[in-house]
Amino acid sequence: MARLFRESRRDSSHSSNGFLPPAAASTPSSASALPSPFPDLGVALSVADLREAAYEVLVAASRTTGGKPLTYIPQSSSVAAAGPPASPASSSASSASSASLQRSLTSAAASKMKKALGLRSSASSKGVGSPGSGGKAAAPRRPATVGELMRVQMRISEPADTRIRRGLLRIAASQLGRRAESMVLPLEFLQQFKASDFPDPQEYEAWRSRNLKLLEAGLLVHPLVPLNKSDSSVQRLRQIIRGAYDRPLETGKNSESMQGLRTSVMSLAGRSHDGTSDGCHWADGFPLNLHLYQMLVEACFDNDEGTVVDEIDEVMELLKKTWVILGINELLHNLCFTWALFNHFVMSGQVDIELLSVAENQLAEVAKDAKTTKDPNYCKVLSSTLSSIMGWTEKRLLAYHETFNTSNIESMQGIVSIGVSAARVLVEDISHEYRRRRKEETDVARSRVETYIRSSLRTAFAQRMEEADSKRSSRNPTPVLSILAKDIGDLAMKEKNLYSPILKTWHPLASGVAVATLHSCYGNELKQFLAGLTELTPDTVQVLKSADKLEKDLVNIAVEDSVDSDDGGKSLIREMPPYEAENAIANLVKVWIKERVDRLKGWVDRNLKQETWNPGANRENFAPSSVEMLRVIGETLDAFFQLPIPMHPALLPDLTAGLDRSLQLYVAKVKSGCGTRSSFMPQLPPLTRCEVGSKLLFKKKEKPQNLQVRVSQNGAANGNDPLGLPQLCVRLNTLQYIRGELENLEKKIKTSLRNVESAQADITDGLDIKFELCQAACQEGIQQICETTAYKVTFYDLGHVLWDTLYVGDTASNRVEVLLRELDPVLETISGMVHNKVRNRAITALMKATFDGFLLVLLAGGPLRAFARQDSQIIEDDFRALRDLYLADGDGLPEELVDKASSQVKNVLPLFRADSESLIERFKRMMVESNRSASKNRLQMPPTTGHWSPNEPNTVLRVLCYRSDETATKFLKKTYSLPKKI
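Scope of this entry: the structure provided in the associated data block. (Residues numbered from 1 in each chain as written. Predicted model: local features only at pLDDT ≥ 70, side-chain atom pairs only at ≥ 80, totals over all residues. Heavy atoms only, no water.)

**A short note on the overall build of the protein chain**
For step 1, the next point in the chain: A tally of helices and strands in the protein chain yields 39 helices and 0 strands.
For step 2, the next point in the chain: Residues classed as buried in the protein chain amount to 51% of the 982 residues present.
For step 3, the next point in the chain: For the protein chain, contacts bridging at least 24 residues in sequence account for 78% of all contacts bridging at least 6.
For step 4, the next point in the chain: In the form shown here, the protein chain has an accessible surface area of approximately 45600 Å², with 50% of it arising from carbon and sulfur atoms. (Helix = DSSP H or I, 4+ residues; strand = E, 2+ residues; numbered from the N terminus. Buried < 20%, exposed > 50% of the residue type's maximum accessible area, 1.4 Å probe, protein only. Contact = heavy atoms within 4.5 Å. Areas by Shrake-Rupley, 256 points an atom, 1.4 Å probe, with all protein chains shown as cover.)

Listed below in structure tokens is the structure:
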């Protein structure tokens, strides 16, 4: 939320992006001022430059708003006001001056504003050095008027003040009735003074340069109204200012160069947002106006003491007169004054609690203001100001144990209040993310204070940890964690008695959060200590006893603190998991479990590399390695329940999860390397058209055009092939065997759990022990191996029948009987070897594969196959024969299962009975409906989806490709130019 800002010292004479209050320069022992929160001006104006410019604005605004004529008053008249009664002449001159600046000050008058702010009058106003003071040295003479007070506060020399007033008098004389807000003061002063008006050339040059820089900053760099690039006045003024640095501008005369400067300046200064001429805008652009106004606000603080001056009422009255020129409003004033108050508190070395209290109250006004406007400039400076304040406070509050103690605890309340208030405004009134969320979801104050507590306690804990480590020696052999436990107990009591009463203002569970944090920190150290244990030792016992005592003390504080909370402290207690000694034992047992599980995984890797999947290894036809695997798991469970520990139920899930993963690994290796269904699916040959009138006979040396070279394998003939049909059946049986034995393992675990000494009567009630990973892996593996076996047999083992024989050449001569003969021994092998619980799944997968292969021969059998319309009857008869093989006169698969597997073939076969003309029309219609027709005479080639259907264009096109008649051949040649051969 907030960033910590480093404090930095600033040079009051060269800084151009902020200010150093006068007190910092005059009091060597004072703390550093905070960096300015206002954006950098980008113009080389020093603090002294800004201060003198602000003073000029103040004097101009005050004199032109007075009720009497503007008259030049020599500085000697002001001085005389503090001494003997003035002569009639000087009294007359004084009465003619502005009422604002010349209002006399009386030290006895109490400031109403100071009373409202809760500030006491400063010592300098209490008559120190008066005749009744016992002969003490007289105090420095105090200013007699507000004007003189402002001059002194703003460090303006008497000659400079005299020059400013004389200049304003000349301006008033030449421009009667013109108010200060309708003038560009730097321009007017440049018009009035020349080099001879200054005591030396260097001072004149600095003065002239300052005024030009002010014009540059106010009209070119930070104008109130954004500049128009096409405005010639912009370039002209920029050229004049740049030229003035090379060739000094002749000021004090109505020269041509000054006329050009005036024309450009007035053109730019006269612009306004609404287009009306409402005065001159040269000092009200952001952030120049804030830099100038902050110079004025600093006059509210005594140069020597840094406190608010007693004459704050009169000073504030004068400051408000500058608002119209500087574009300041109540919101910006409150923000600047808040910043100044807080900054002076920081510079006081954080000892002036009055300033802190006033800053806190002013920040409350700023918080109200922030809800009334979304002005981007205001929000920008508000964000930077509050971020700076918050950064300073958080740097101290995030480690408040280092910052505050019994001697300065008084300031903690105010610093927390200011930090929290700043954070709340930043989050609630500036943060876009917060506005998108529901406000009741975030308690900013509570959240920040909780962050302070947790951060500070963690820092304090780390320090106590270092101290405890240094206390252990040969003379003091107490374990470090035992020493630390005592120190943390003392720290918790200090937190409860000293800091928590303050922090409870914003967080009702401050003590609870603190002890929960300490509990967590100590718990982390304790865990590290216990993690390295291999056996219990006296030191271990001592540490555990100290930890137990500390835990009880911390929990008691948390419970006391949360008695009145909504949940009775449950949320805090949940943050404090107990330091039970059983944890140490549990960790050792977990190491034991990990070693056993890792050993089991290594066993799986070694033994499966040697597994041959020999069907003759046992009568049940499953792998011997699976039997050995389950035997090792059973022994591991027996050893676990024989361990002398009191937490078998708690650690059992760790063991079963590890065994489950080992079983899952075994299952994964059983099915690995078998391939998948897609591994044996052939690549479809390119489409061709039939050669009408010729017989599709081919020589023996010719090979059918297929994807792979397929080797004939007769099922169980090869007993050494790890992917032979018998070996695949063994893999299937192995997975089914493991799947069935999981239930026995679960029963064994529950029985053993009831027999352990630490078990309760109802220990297994509701206990759900499942080897879920292995169960899921077996289910998936059985499905995969069934499909792999089926498609390997169909497309690889029987590929010589399916691809090289079925319907090749003459349809009637190479029918499905040869495929059926080859399938019979395959079905016998599966029926005889596969476990009865997965037998039907294996046969069903084989059935689906053979139907897929049968349909693939009809639709993608290559150019050596051609079907006449009358061949449809033969194909349909062969289809029924294939179905009957799996129905087996009622002794085979259920009829509904066979119907479902053969439905795709059944739906496509009517296309072979249809005449070519209707097929062509059907194809064209589907292409048009699917928006694949490029033109009336040219159709796009439909993509091969593999989803064969009478309503799918590619399926119909393939029927035409294998249709042996003139109509189909001509259509294919004309439409797609398909060849007769590959």
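**Thoughts on the packing of helix H21 (residues 444–471) against helix H22 (residues 480–503)**
For step 1, the next point in the chain: Orientation of H21 relative to H22, taken along the N-to-C sense of each, is 150 degrees, at an axis distance of 9 Å. The orientation of H21 relative to H22 falls into the category roughly antiparallel. For the crossing formed where H21 meets H22, the hand is right-handed. Between H21, through Val449, Ile453, Leu457, Ala460, Phe461, Arg464, Met465, Ala468, Asp469 and Lys471, and H22, the contact on the second element is made entirely by Val480, Ile483, Leu484, Asp487, Ile488, Leu491, Glu495 and Leu503.
For step 2, the next point in the chain: Of the residues in the contact of H21 with H22, the class split is 13 nonpolar, no polar and 5 charged. (Axes fitted to C-alpha atoms, helices over the stretch in contact; angles between N-to-C directions. Parallel < 35°, antiparallel > 145°, perpendicular 65-115°, else oblique. Left-handed = near helix turned anticlockwise from the far one by under 90°. Nonpolar A, V, L, I, M, F, W, Y, C, P; charged D, E, K, R; others polar.)

**Let's talk about the packing of helix H15 (residues 330–347) against helix H16 (residues 353–370)**
For step 1, the next point in the chain: With their axes 9 Å apart at the nearest point, H15 and H16 run at an angle of 155 degrees to one another. Between H15 and H16, the interaxial angle falls into the category roughly antiparallel. When the axes of H15 and H16 are compared, the crossing they make is left-handed. Contacts between H15 and H16 involve Glu330, Leu331, Asn334, Leu335, Phe337, Thr338, Leu341, Phe342, His344 and Phe345 from the first element and Leu355, Leu356, Val358, Ala359, Gln362, Leu363, Glu365, Val366 and Asp369 from the second.

**Notes on the pattern of salt bridges**
A side chain of one charge can pair with a side chain of the opposite charge when the charged atoms of the two come close.
For step 1, the next point in the chain: In total, this model carries 34 salt bridges according to the counting rule given.
For step 2, the next point in the chain: When the shortest N-O distance is used, the salt bridge between Asp548 and Lys552 registers 3.5 Å. On the criterion of helical spacing, the pair formed by Asp548 and Lys552 is a turn pair, its members being 4 residues apart in helix H24 (residues 538–561).
For step 3, the next point in the chain: Assessed through its relative accessible area of 32%, Asp548 is described here as partly exposed. (Salt bridge = Lys/Arg side-chain N within 4 Å of Asp/Glu carboxyl O.)

**With respect to unusual backbone geometry**
For step 1, the next point in the chain: Note the cis peptide between Phe286 and Pro287, where omega equals 5 degrees.
For step 2, the next point in the chain: Summarising the element assignment, Pro287 is placed in the loop between helix H11 (256–269) and helix H12 (288–297).
For step 3, the next point in the chain: Although it is not a glycine, Trp613 adopts a positive phi angle of roughly 60 degrees.
For step 4, the next point in the chain: Looking at the secondary structure, you find Trp613 in the loop between helix H26 (582–610) and helix H27 (624–641).
For step 5, the next point in the chain: For Asp889, which is not a glycine, the phi torsion comes out positive at approximately 55 degrees.
For step 6, the next point in the chain: Relative to the elements of secondary structure, Asp889 occurs in the loop between helix H34 (872–887) and helix H35 (895–908).
For step 7, the next point in the chain: Accessibility expressed as a relative area gives 79% for Asp889, which makes it exposed.

**What about the side chain of His519?**
For step 1, the next point in the chain: Position of His519 relative to the elements: it lies in helix H23 (residues 510–531).
For step 2, the next point in the chain: Note on His519: relative accessible area 1%, which makes it buried.
For step 3, the next point in the chain: Every residue in contact with His519, bar those within four places of it in the chain, is listed here: Glu551, Leu554, Glu575, Met576, Pro577 and Tyr579.

**Describing the nonpolar core**
For step 1, the next point in the chain: Counting residues in each nonpolar core, the largest one holds 165 residues, and the members touching the most others are Met150, Met154, Leu261 and Tyr522.
For step 2, the next point in the chain: Ranked by the residues each element gives to this core, the list is headed by H22, at 12 residues.
For step 3, the next point in the chain: When we break this core down by domain, the ones giving at least three residues each are domain 1 (36–63 + 143–327) and domain 2 (444–579).
For step 4, the next point in the chain: Apart from residues lying up to four places away in sequence, Tyr522 is in contact with Phe461, Leu481, Ser482, Leu484, Ala485, Val543, Ala547, Leu550 and Tyr579.
For step 5, the next point in the chain: Formed by 118 residues, the second largest nonpolar core is a distinct cluster that contains Val604, Tyr666, Ala860 and Leu939. (Core = buried A, V, L, I, M, F, W, Y, C linked by side-chain atoms within 4.5 Å. Domains from an automatic or database assignment.)

**Topic: the environment of Leu503**
For step 1, the next point in the chain: With respect to the helices and strands, Leu503 occurs in helix H22.
For step 2, the next point in the chain: Accessibility expressed as a relative area gives 1% for Leu503, which makes it buried.
For step 3, the next point in the chain: Here the alpha-carbon distance between Leu503 and Ile453, two residues 50 residues apart in the chain, equals 8.6 Å.
For step 4, the next point in the chain: With residues up to four places along the chain from it excluded, the contact list for Leu503 reads Tyr400, Met412, Val416, Val449, Ile453, Glu495 and Ala510.

**Some thoughts on helix H7 (residues 158–174)**
For step 1, the next point in the chain: Along its 17 residues, H7 runs 24 Å from first to last C-alpha, staying within 8% of the 24 Å computed at 1.5 Å per residue.
For step 2, the next point in the chain: Of the residues flanking the start of H7, the one acting as N-cap is Ser157, its side-chain oxygen 3.3 Å from the backbone nitrogen of Ala160. (Expected span 1.5 Å × (residues − 1). Polar contact = N/O pair within 3.5 Å; in protein donor to acceptor, adjacent residues only side chain to side chain.)

**Some details on a nonpolar patch on the surface**
For step 1, the next point in the chain: A grouping of Val559, Val563 and Ile573 is seen on the molecular surface, where their side chains present a nonpolar patch of about 240 Å² in accessible area.
For step 2, the next point in the chain: Tracing the sequence through the fold places Val559 in helix H24. (Patch = residues over 30% accessible without salt bridge, like charges linked within 9 Å, V, L, I, M, F, W, Y side chains within 5 Å.)

**Side note on the packing of aromatic side chains**
For step 1, the next point in the chain: Here the structure, examined in full by the defined rule, presents 25 aromatic pairs.
For step 2, the next point in the chain: Ring geometry for Tyr807 and Phe867: centres 5.7 Å apart, planes at 85 degrees, overall edge-to-face. Of this pair, Tyr807 sits in the loop between helix H31 (799–802) and helix H32 (817–833) while Phe867 sits in the loop between helix H33 (836–860) and H34, placing them 60 residues apart in sequence. Of the two residues, Tyr807 and Phe867, both sit in the buried class.
For step 3, the next point in the chain: Here a set of aromatic residues connected by ring pairs shows up, and it is made of Phe189, Phe193, Phe198, Tyr204 and Trp207. (Phe/Tyr/Trp six-rings, centres within 6.5 Å; stacked < 30°, edge-to-face > 60°.)

**Quick word on H33**
For step 1, the next point in the chain: Helix length check: H33, at 25 residues, gives a terminal C-alpha distance of 36 Å against a target of 36 Å (1.5 Å per residue), a fit within 8%.
For step 2, the next point in the chain: Extensive coverage of H33 is indicated by the burial of 19 of its 25 residues.
For step 3, the next point in the chain: Of the residues one or two after H33, Gly862 is the one with positive phi, at around 95 degrees.

**Here's the deal with the environment of Arg865**
For step 1, the next point in the chain: With respect to the secondary-structure elements, Arg865 resides in the loop between H33 and H34.
For step 2, the next point in the chain: Of the residues examined, Arg865 reaches a relative accessible area of 1% and is grouped as buried.
For step 3, the next point in the chain: Measuring from C-alpha to C-alpha, the distance between Arg865 and Ser964 comes to 9.3 Å, with 99 residues separating the pair along the chain.
For step 4, the next point in the chain: Separated by 2.8 Å, the side chain of Arg865 and the backbone oxygen of Trp803 make a polar contact.

**Here's the deal with the environment of Arg841**
For step 1, the next point in the chain: In this fold, Arg841 is placed in helix H33.
For step 2, the next point in the chain: Residue Arg841 is classed as partly exposed on the basis of its relative accessible area of 26%.
For step 3, the next point in the chain: For the pair Arg841 and Glu787, spaced 54 residues apart in sequence, the C-alpha to C-alpha distance is 9.1 Å.
For step 4, the next point in the chain: If we ignore the near neighbours within four places in the chain, the residues touching Arg841 are Arg739, Gln779, Ile782, Gln783 and Cys786.

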